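Residue-level structure breakdown
Next come the chains, spelled out residue by residue.
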Amino acid sequence: MAQGYDSDQPAIKASRRAPASSARHVRRRGLRRAVVPAATVAGLLALWQLAVVAGLIPNFLLPSPAQVVSALVADAPLLTSHAATTLAEAALGLLIGCAVGFAFAVLMDRFEMLYLAFSPLITVSQTIPTVAVAPLLVLWFGYGLMPKVVLIVITTFFPVTVSLVAGFRSVDPDMVDLMRTMNATSAQVFWQVKIPAAAEQFFSGLRISATYAIVGAVIAEWLGGFSGLGVYMTRVRKSFSYDKMFAVIMLISALSLALMGVVGVLQRICMPWKRAERN
Amino acid sequence: MRAPADGDGKRGAAGRVPAAPAGAASSDVAPALEAEALTLSWNAGDSVVVEDVSLSVGAGEVVCLVGRSGCGKTTIMHALSGLSRPLSGRVLLHGHDVTGTPGRVSYMLQKDLLLPSKRILDNVSLPLVLGGLSREQAHERARPLFERFGLKGTERSWPSELSGGMRQRAAFLRTYLMGNDVMLLDEPFSALDALTRSDMRSWYCDMAHELGIATLAITHDVDEAVTMARRVYVLAGNPASGVPSRVEAEVRVERPPAGVSAADFALTEGFLTAKREVLSFLR
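Only a predicted model underlies this, so the values are computations on that prediction, with no experimental measurement involved.

Let us look at the overall build of chain B. Of the regular secondary structure elements, chain B holds nine helices and ten strands. The long-range fraction of contacts in chain B, counting pairs at least 24 apart against all pairs at least 6 apart in sequence, stands at 71%.

Attention now goes to the overall build of chain A. A tally of regular secondary structure across chain A gives 13 helices and zero strands. When the helices and strands of chain A are listed from N to C terminus, the series reads α-α-α-α-α-α-α-α-α-α-α-α-α. Seen along its three principal axes, the alpha-carbon backbone of chain A occupies a region of about 75 × 60 × 30 Å. The buried share of chain A, reckoned over its 279 residues, is 32%. For chain A, the proportion of contacts with a sequence separation of at least 24, taken over those separated by at least 6, is 73%.

Below, the discussion takes up the interface of chain B and chain A. Each side of the interface is counted separately: chain B has 19 residues, and chain A has 17 residues. It is helix α2 (residues 120-130) of chain B that provides the largest number of residues to the side of chain B that touches chain A, a total of three residues. Considering only residue class, the side of chain B that touches chain A consists of twelve nonpolar, five polar and two charged.

Let us now look at the confidence of the model for chain A. When pLDDT is averaged across chain A, the result is 87; 91% of the residues are at 70 or more. For residues 1-20 of chain A, every residue scores under 50 in pLDDT, and the model assigns this stretch 17 contacts once sequence neighbours within four places are set aside.

Further remarks concern the pairing of strand β3 (residues 62-66) of chain B. Working note: regular strand, side chains alternate between the two faces of the sheet. All names here are of chain B. The element β3 is extensively covered by neighbouring structure, given that five of its five residues are classed as buried. Of the two faces of β3, both are covered, the one formed by Val62, Cys64 and Val66 as well as the one formed by Val63 and Leu65. Sheet topology places β3 next to strand β8 (residues 214-219); five bridges connect them, and they run parallel. In the sheet register, valine 63 faces β8, and the bridge partner there is leucine 216. As paired elements, β3 and strand β9 (residues 231-238) share four bridges and run parallel to each other. The partner of valine 66 across the bridge, within β9, is valine 234.

Looking now at unusual backbone geometry. Within the chain, asparagine 183 of chain A stands out as a residue other than glycine whose phi angle is a positive 60°. Within the fold, asparagine 183 of chain A resides in the loop between α9 (173-181) and α10 (186-222). One non-glycine residue with positive phi stands out, namely alanine 37 of chain B, at about 50°. Its location among the elements puts alanine 37 of chain B in strand β1 (residues 31-41). On the basis of neighbour count, alanine 37 of chain B is assigned to the partly exposed category, with 15 C-beta atoms found within 10 Å.

All right, on to the domain arrangement of chain B then. The parts lose accessible area when they come together, and the size of an interface is often stated as this lost area. All names here are of chain B. Assigned domains within chain B: domain 1 (9-105 + 181-282) and domain 2 (111-179). Taken over C-alpha atoms, the centre of domain 1 sits 26 Å from the centre of domain 2. Taken together, the contacts link eight residues of domain 1 with seven residues of domain 2. A class-by-class count of the residues in the side of domain 1 that touches domain 2 yields seven nonpolar, one polar and no charged.

In this section: the domain arrangement of chain A. You can read the domains of chain A as domain 1 (1-61) and domain 2 (63-278). Between the C-alpha centres of domain 1 of chain A and domain 2 of chain A there is a distance of 27 Å.

Let us look at helix α6 (residues 112-125) of chain A. An ideal rise of 1.5 Å per residue puts 20 Å on 14 residues; α6 of chain A measures up with 20 Å between its terminal C-alpha atoms. Within α6 of chain A, only zero of the 14 residues are buried, which leaves it mostly out in the open.

With that settled, consider the pairing of β1 of chain B. Residues and elements named next belong to chain B. The element β1 is extensively covered by neighbouring structure, given that eight of its eleven residues are classed as buried. The pairing of β1 with strand β2 (residues 48-58) spans seven bridges and is classified as antiparallel. Note on β2: the bridge partner recorded for alanine 35 is leucine 55. For β1 and strand β4 (residues 88-93), the ladder comprises five bridges, and the chain directions are antiparallel. Paired with glutamate 34 across the two strands is leucine 92, which belongs to β4.

Our next topic: the environment of valine 106 of chain A. Assignment of secondary structure puts valine 106 of chain A in helix α5 (residues 76-110). It is 29 Å that separates the C-alpha atoms of valine 106 of chain A and phenylalanine 141 of chain A, two residues lying 35 residues apart in sequence.

With that out of the way, let us pick up the packing of helix α8 (residues 145-169) of chain A against α10 of chain A. Residues and elements named next belong to chain A. The N-to-C vectors of α8 and α10 enclose an angle of 160°; their axes lie 7 Å apart at closest approach. With respect to each other, α8 and α10 are oriented roughly antiparallel. Helix-helix and strand crossings are classified by hand; for α8 and α10 the assignment is right-handed. For the contact of α8 with α10, a count of residues per class yields 18 nonpolar, nine polar and three charged.

What counts and how
- Residues numbered from 1 in each chain as written.
- Chains lettered and ligands numbered in written order.
- Predicted model: local features only at pLDDT ≥ 70, side-chain atom pairs only at ≥ 80, totals over all residues.
- Helix = DSSP H or I, 4+ residues; strand = E, 2+ residues; numbered from the N terminus.
- Contact = placed C-beta atoms within 7 Å.
- Buried ≥ 20, exposed ≤ 12 C-beta atoms within 10 Å, placed from the backbone.
- Nonpolar A, V, L, I, M, F, W, Y, C, P; charged D, E, K, R; others polar.
- pLDDT = per-residue confidence, 0-100.
- Pairing = 2+ DSSP bridges.
- Domains from an automatic or database assignment.
- Expected span 1.5 Å × (residues − 1).
- Axes fitted to C-alpha atoms, helices over the stretch in contact; angles between N-to-C directions.
- Parallel < 35°, antiparallel > 145°, perpendicular 65-115°, else oblique.
- Left-handed = near helix turned anticlockwise from the far one by under 90°.

Put into structure tokens, the structure is as follows:
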């Protein structure tokens, strides 16, 4: 859904050139954009099912899609409670990560020295593998909520900071000059010009951060915890329940997509002018 | 503003008046904005771009500054608007020194610079909101002017939904709502197509006259300058190769009587004489 939101543009541009058939054209394009990927997924699932049923791959190594779905249904109550833990960690971590990322971006935009000092460090921080840091965090902060949230904050603040800094810097200097001739204070320039100018890039960054948040939570749970989808995952892996393994993978994907969808909705609400630009 | 000339086209434009060192003397009406011997560089420490420029704009008067691209027109505008400080010289507004003080004259930059994230009503209200009015109060002040600025019905539109001409009108209204009686326009019509441009020009001149706004517009289009202005300053020089620009001449344009269209005016002897005069200093 979020993807379609972005790639709408070429279709609209084409429709501007040929206004007569535009509405129908766009609708047909939209339909195709939904049908083609859906058919591809369905086809692959069918192949997978066939391969397992026909015995091409031993069933104890690879469960069939039907088995995965039934595992998902059978374990639904348990999965729901684990998912609630994971989502709560992801949401909390993402919120704090956003706040930290925002603060970093504002400071780096305001003070050139801070930008010079921290931008390489922030980039380097992203080269550290999450899986390597997570055990240390468990060591330092225990098995509770803390190490999970810290890990998510570390992974999610980066896309937010980078996109916001780029957005702030994209402001036309002439616009700032114009604001000065209108006696604007730097706070007014920030809120009236810089924030809206950075909104689009901010939401692109946030969408990436949202997926990082779920994955970050799961990784942190792998390495120690009492509940959460990562904990569930380690348990079913140890009991060789691969159908449940696949079920939880599906659930994690679905949660990530849902979170990205929420970001997309948020963006539509916060940037009403974008809709006008498309029409 | 002075009454239009009597329309005796054959007399043509009045002769050139040499650039006076202090601009005030060359204007017929009390000067609203004066530049006294401005010497400017792009950035502090750079070479001199514009040297010893003096000019003045009377209340309610439209004055143009013409010059080739890159001769320092925008640099002069920046200094007049207070965004930059001159190396030497002063900027006077109604006789008060406002050198290097932004916010005293309204300045419209070359681009319309409407904020894409605000509806037209909020865009044009921006100077009022920045000045401390609430959004509602600002809207109340701005709304009645939409008709006069040819923007009726666009209050709730986003800038991306308007044509170039309408966006420019919105930029004019925003500039007007900055509330100063002096407007600096940097190539105000250059982004528009020819037809819209000539409409907008006559619309602007009528409006500025009606509202008593002193206007200094810069352009590289000699026809545009002669069509709009009562006086044209010609800026010449080549700062890129180390020759600072100066005001080479001040050409007076005999305005046509009221009711003469811009197209007809462009065929009169008065127009052509003034145009020839301006061009002779640009060569």
